[in-house]
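Spelled out from the first residue to the last, the chains are:
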Amino acid sequence: MKELNNISNPYYSRNIFYKLLHLHVLPLLQISWNRKLQHKDFYQNAEIDSTRFITNKFKQLWKKELECEQPNLLRCILNCYGFDFLRLIPMVFIAGLSNITRCIVFGFFLQMFGSGTHFDIAWAAVYVVVILALCVINIFTFHYYLYESEIIASRVRIACQVAVYEKSLTLNVTSLNHITIGKINNLQAGDSAVFQHTVMTIGFAIVSPFLATISTVILFTYIGYTSFLSVALVILSIPLQIFSSKYIAKVVLKASVLTDSRIKLMNEIIMGIKIIKLYAWQDAFIKKIKQSRGKELSALLKLHICHGVIHAIDRLVFLVAFLTFFLYSKYQGYLDASIVFPVLTMFYVFREYLFFFPAIGLLHMVKVIVAVIRMQEFLLSNNQEVTKCIDQSNCNVDDVTFEKVKSDYVIEVNSASVKVSSASLGHSINILRNITVKVNAGETLVVIGKVGSGKTSFLNLLLEELTASTGHVEVSGTRSYMPQQGWIFSGTVMDNILFGSKYDESRYNRVIEVCALERDISQFQYGSDTMVGERGLTLSGGQKARISLARSVYVDSDIYLLDDPLSAVDTEVGKHLYQHCIAKFLCDKTVILVTHQLQYIGESQRVLMLENGKLIADGKYGDISNLFSDLILKESSEQQQNLSINNEKKTMENNENAKSQEDIIDQESLPKGYFIYFLKNINSILLVLTLSVILIMEGAAITQDWWLSRWTSMDMKQSHILTTLDNSTSTYYELLYNGTTDVADPYMIFGNQISRHNVIAIYGILTTIYLTFTIVSKFVGYTALLTACRSLHNNMLVRVIHAKCSFFDTHSLGDILNKFSKDMNIVDEYLSQAMLDVATFLTRCILLTLMVVVLNPWVTVSLLPILILFIILRRCYLLATTYAMVIEGASRTPIFQHLSITLDGLSVIRAFNVTQRFSDMFQNYIDENTRIVIMYASLQRWLAVTVDLICSCFVAVTAIAAVSSHSIMDPSSIGLSLTNASGLLCFFQYVLRTTAEVQELMTSVGRIYTYSLLDQEPDRVDVRSNVAMENVEPITQGDSSIEFQDVSLQYSPELPLALKNISIQIKNAEKVGIIGRTGAGKSSLITALFRMVECSGTIRVGGSDIKDIPLDNLRKHISIIPQDPVLFSGSLRYNLDPFNEFIDDQIWEVLNDVCLSNTIRNRTSSQRTDSIIRSSFDSQNIQFQPDSQNYHGISIDNVEACLNDGLNMSIFEHGSNFSIGERQLLCLARALLRQNKIIVVDEATANVDNYTDGIIQRTLKERFKDCTMLIIAHRLCTVADSHRLLVIDNGEVLMFASPQEVLNSELDLNELCDKEYNC
């Protein structure tokens, strides 16, 4: 068979019957019957369904919409797809009209069975054929509308997803501080998906008034003025629906915001998971996520209850039926089967078209409106356009210009200032002030300054990532940019360097040489074609930085903006990069170089110095060096070794090839038992209670119909008696005495006499029970299922955060977030509803089938083969859809992965002008996902159409059986059997579809379940518990010695040993420097100490084997200052002390030690202190005097409280409101705050200026003088005062001696470590 992957979807090119029957799915069903489906088994999208076609059409209309005074996203969507949708409305109308006509024919059919009526079998056959034909017409039109509307909804979703993505490409630095990644993810995963469930319900809402009018007129012919009762009840239900919709809108919006917050926090946790584990902070973040999840579930419960109320509105038709028949029997006479059952069937039509679909449509419309508002707000938010001010209230747009024109200078900045708004402070802060700089073509400008002085902000201003609030900025020429933190995307080394540029072998090799990448690439198994993994998973920190630099210099640009490219590499490599790349390769280019490495700057080099956002010096280095002599203390640090705990492992695994789609699907293979796992997470009492309530509810519904048929039968008999008496000369008692059975008392149930009033009362009681238990079932059911959702999420959360580190090296961020966002959203919102529907529909279907069989046993003959056929159809369907859902989930992961990578590298993507390329990649991922989504929709419609056609045949068989049994069945029983058979037409299809849907949705549970089976780190213990605390007493009581005895470490069986029989003893309070080349084993030594990977041999801390120390306690009592500073969104205090173990004074003390206390107070307290003091003076009618010393009796506690409020200042996502150096200082503050006796340092001063470096080094010596310190170093000057140096190569100890002995030894440090070990 030809692979479907090479064939465009044939749906649009075939005839109408092919489309109505969805025959294009048959090849897919045939493949799935023989083997598991694969991605290649799905058709290619037709041109009309391709992402490019959809987005081009949408973008043209959205562009016109933006020209309006008030752009409206919903109006744009309607203009784009409104006509396509309106042409489907006749289909809905025909479907509804066929149902109404069937009710009329049904009435004529039942009239033939009335007493005194001649039974004409020919006319009966005609009625059966007409009923069957009307059923078929309804099926084809109804399902054609549903499928086509679902396709339109898919196109709307795609258009919105691409619009959100392309808008995210325009977000500048300031925007990202206020629009979280979690929100953008939720817009993609949640908000855009609501269209899929909404569009199809709109058509029913449109035709409902017309069908209601027709139905009312027909009902009037049957039951007179009583028919208007249904219309009145519909009108009365409108206020309830409006009120519910308004409340639902609020709840949906709240739930969306809470989901945004949870996903944002989860994104940060996964990105910083290694640091969280090293600090033993897992429990704090688990608690924070659980709190966020609890609020989200509370909102979801309210939302589901509102859903239940909305769903219950359509059950009001049963109340209408009761009141109608009651009033009819009271004022218009006895009930008759030829009236009751057509009217009852008509009420079911009423239920669908006047209650159910409009109510559900309103519910989904509310969700759409909320989603559209959120997306419109995002799409209309301030983007990267530099003509807009960041803070509109404090600047005049007319004061700002940013031009790209030819002038005497390549770069000209005149009196430019930049303000950014701070949500935590409630006001704007200046990050650049009155900057004036002019740069000539071909000039190299070195930008220096202390940490947080505004160097990166200056580059962002030139990149248009920040907008000047005042002043004039002019740039001429193309720009290339390297960010401070090397940005790597998933692909090969060459992909990351070329970045979409044309391959030039000569230039490429030259760039590799000047960026010192020759040796690295030669060591990679596949050279430049080596896959680097998501975010450079397989690369060290230095390799990421050099590849990022190579990308920036490969492009032949006019201006090169390099943000501290020398910090992440060692001294030798840094010297090579400056001399060969910056000074020589870019000698004829304009270069703006931000650096702390002053040792390379020549006397004649032009230097720009910033301090607190101000330009304090601009001139030749030799002329102004006295202004920053405190920065020239020593050569600044250069690093290549990245203390990512699995660095050596990553280097060894860098030959890993990219995963194909099938590899991803294999990885997504689901474990068995996940359905049972879900049920176990439901509260057993609530589960039993829910099933009991549903059984009572559906039992009442079936009994209600049966009781109505008995009531009708008794009324018809009573009517016959009265007719007999009217036509007879004998009295009633004479006829009864003479044995005339026709006049026997008709009101008998199971041989017991019952009054007509009691018959009516029981029918009313059954109606009340049904309506009451309908609402109760929703409340109890959703409560039970949301307990399972809570357990599923929390179990997955705990297992993921406590998973072994190898898990995070083999699973992408997009894959993990997909489980916590999309899959969890499916379980929360759709699986809960589907499971309740299954329980309800299955119960109703079983009871209806039993009723039909009891009323007419001959139906059993046809029922058995139909059930067998249903089982076969369901198996065919599930074989296809189950794997389709798995593949769809796998195809969804690259979408979120690509979005996450894009948001990380926005400034780079824009600087290289490759936004269109990344947008094309995103659209390709959407296309791959759409292929599966469309075929999945086709499979659903194929099953629905096929099952409904079979059910129509079942209705016909039931009618034929009634005809054959007309002599022994009363009209009420015939009417009830046909009504129930018609009900089975819906419920059989619903049962098959919802059970299949549950099984498909359960794949999300299966994916969540896979994460609940993850291998865990050993012996986890709460770090605050007293369990086994005696094992850590030597650490806390002063004995901080460390001993490695025959320690070997291997990351996986297929990899070589990273550590080989290491045996060393480190004394109490000893300072040990650890040196060695990349991959030598330095990080593996720390990995073993923290038990990030279990090793063989013995490691003792304070005389205790670390395997006997609870893992969290071990990590809690060893502090680490990592190379890569990681901050989390939240308060400053939470970032330093998530367990609230320290008082404010202690935190301020360590902030002062790392020279950040003044910075934080200046940022947070000045305006608030001023506000507090002013408000206090105003309240006392005292004139405010800023220089007043006594503050006129105002409590100084208010001022101190204001200052301490700085600890609650907001940290933006990834700590983006702090510079890299400031983040590093905060990491140092964490170590100081914990006051541990064992400290691990990995070049803590790499990203700070030399002045701050000197302060930090002095602080380390003073505060950690009694501590055991392990210092991973790349410069001997950093560890020159260490007691001993540990030289490692290839996982073995070469030497462990004093620095002097190491220098005097025969070891060639230059050769061993590829570095100049001198300062």
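Residues numbered from 1 in each chain as written. Predicted model: local features only at pLDDT ≥ 70, side-chain atom pairs only at ≥ 80, totals over all residues. Heavy atoms only, no water.

A. Looking closely at the overall build of the protein. Within the protein, the regular secondary structure consists of 46 helices and 24 strands. Taken across its 1319 residues, the protein has 62% of its residues classed as buried. Long-range pairs, those at least 24 residues apart, make up 83% of the contacts in the protein with a sequence separation of at least 6. (Helix = DSSP H or I, 4+ residues; strand = E, 2+ residues; numbered from the N terminus. Buried < 20%, exposed > 50% of the residue type's maximum accessible area, 1.4 Å probe, protein only. Contact = heavy atoms within 4.5 Å.)

B. Broad picture of unusual backbone geometry. Despite not being glycine, Ser415 has its phi angle at roughly 50 degrees, a positive value. Mapping Ser415 onto the fold places it in strand E2 (residues 411-422). The partly exposed category is assigned to Ser415, whose relative accessible area is 36%. Positive phi is not limited to glycine here, since Asn913 has a value of about 55 degrees. For Asn913, the position within the fold is in the loop between helix H31 (906-911) and helix H32 (915-964). Take Asn913: its relative accessible area is 64%, and that puts it in the exposed class.

C. Geometry of the pattern of salt bridges. Applying the stated rule across the entire model yields 34 salt bridges. Of the charged contacts, one joins Asp1137 and Arg1133 as a salt bridge, the two residues approaching to 3.4 Å between their closest N and O atoms. You'll find Asp1137 and Arg1133 in the same group, each marked buried. Close ionic contact of Asp1144 with Arg1133 constitutes a salt bridge, the shortest N to O distance being 2.4 Å. Residue Asp1144 is located in helix H38 (residues 1144-1153), and its partner Arg1133 is located in helix H37 (residues 1132-1136); the two are separated by eleven residues in the primary sequence. A relative accessible area of 13% means that Arg1133 is categorised as buried. The network of salt bridges with common partners includes Arg262, Arg293, Glu296 and Asp828. (Salt bridge = Lys/Arg side-chain N within 4 Å of Asp/Glu carboxyl O.)

D. Quick look at the sheet that holds strand E18 (residues 1118-1121). Strand order across the open sheet formed by six strands is E18-E21-E22-E15-E23-E24, with mixed pairing between neighbours. Each having just a single partner strand, E18 and strand E24 (1292-1297) make up the two edges of the open sheet. The average angle at which neighbouring strand axes cross in this sheet is 20 degrees, direction not considered. Note that strand E15 (residues 1071-1075) and strand E22 (residues 1268-1272) share four bridges and pair parallel. What sits directly across from Ile1074, in E22, is Ile1272. (Pairing = 2+ DSSP bridges. Axes fitted to C-alpha atoms, helices over the stretch in contact; angles between N-to-C directions.)

E. Representation of a nonpolar patch on the surface. A grouping of Trp123, Val126 and Val130 is seen on the molecular surface, where their side chains present a nonpolar patch of about 260 Å² in accessible area. Taking the relative accessible area as the measure of exposure, Val126 reaches 39% and is therefore partly exposed. (Patch = residues over 30% accessible without salt bridge, like charges linked within 9 Å, V, L, I, M, F, W, Y side chains within 5 Å. Areas by Shrake-Rupley, 256 points an atom, 1.4 Å probe, with all protein chains shown as cover.)

F. Main features of the pairing of strand E16 (residues 1096-1101). With five bridges connecting them, strand E13 (residues 1042-1049) and E16 associate as antiparallel partners. Opposite Ile1042, over in E16, you have Val1101 as the bridge partner. The pairing of E16 with strand E17 (residues 1104-1105) spans two bridges and is classified as antiparallel. Bridging from a neighbouring strand, Arg1100 pairs with Asp1105 of E17.

G. Expanded view of helix H30 (residues 860-904). Between its first and last C-alpha atoms H30 spans 64 Å; for 45 residues at 1.5 Å apiece the expected length is 66 Å, and the two agree. A maximum bend of about 25 degrees is found in H30 at Leu878. In terms of residue burial, H30 counts as a mostly covered element, since 32 of its 45 residues are buried. (Expected span 1.5 Å × (residues − 1). Bend = angle between axes of the 7 residues up to and from the residue.)

H. View of the sheet that holds strand E14 (residues 1059-1066). Across the sheet, which stays open at both edges, the four strands sit in the order E14-E13-E16-E17 with antiparallel pairing between neighbours. Strand pairing shows two members of the sheet lacking a second neighbour, E14 and E17, which therefore form its edges. Of the strands in this sheet, E13, E14 and E16 are in contact with helix H35 (residues 1082-1089), which crosses E13 at around 110 degrees.

I. Expanded view of the nonpolar core. Ranked by internal contacts, the top residues of the largest apolar core, which has 317 residues, are Phe325, Phe458, Ile592 and Phe678. Among the elements that make up this core, the one with the highest residue count is helix H6 (residues 121-168) (24 residues). The residues contacting Phe325, other than those within four sequence positions of it, are Leu335, Val340, Val343, Leu344, Phe347, Leu708, Trp711 and Tyr763. (Core = buried A, V, L, I, M, F, W, Y, C linked by side-chain atoms within 4.5 Å.)

J. Quick look at the environment of Leu786. Mapped onto the elements, Leu786 comes out in helix H27 (residues 756-801). Taking the C-alpha atoms as reference, Leu786 lies 8.4 Å from Leu300; in sequence the two are 486 residues apart. Leaving out residues up to four positions away in the same chain, Leu786 has contacts with Leu297, Leu300, Leu301, His304 and Asp828.

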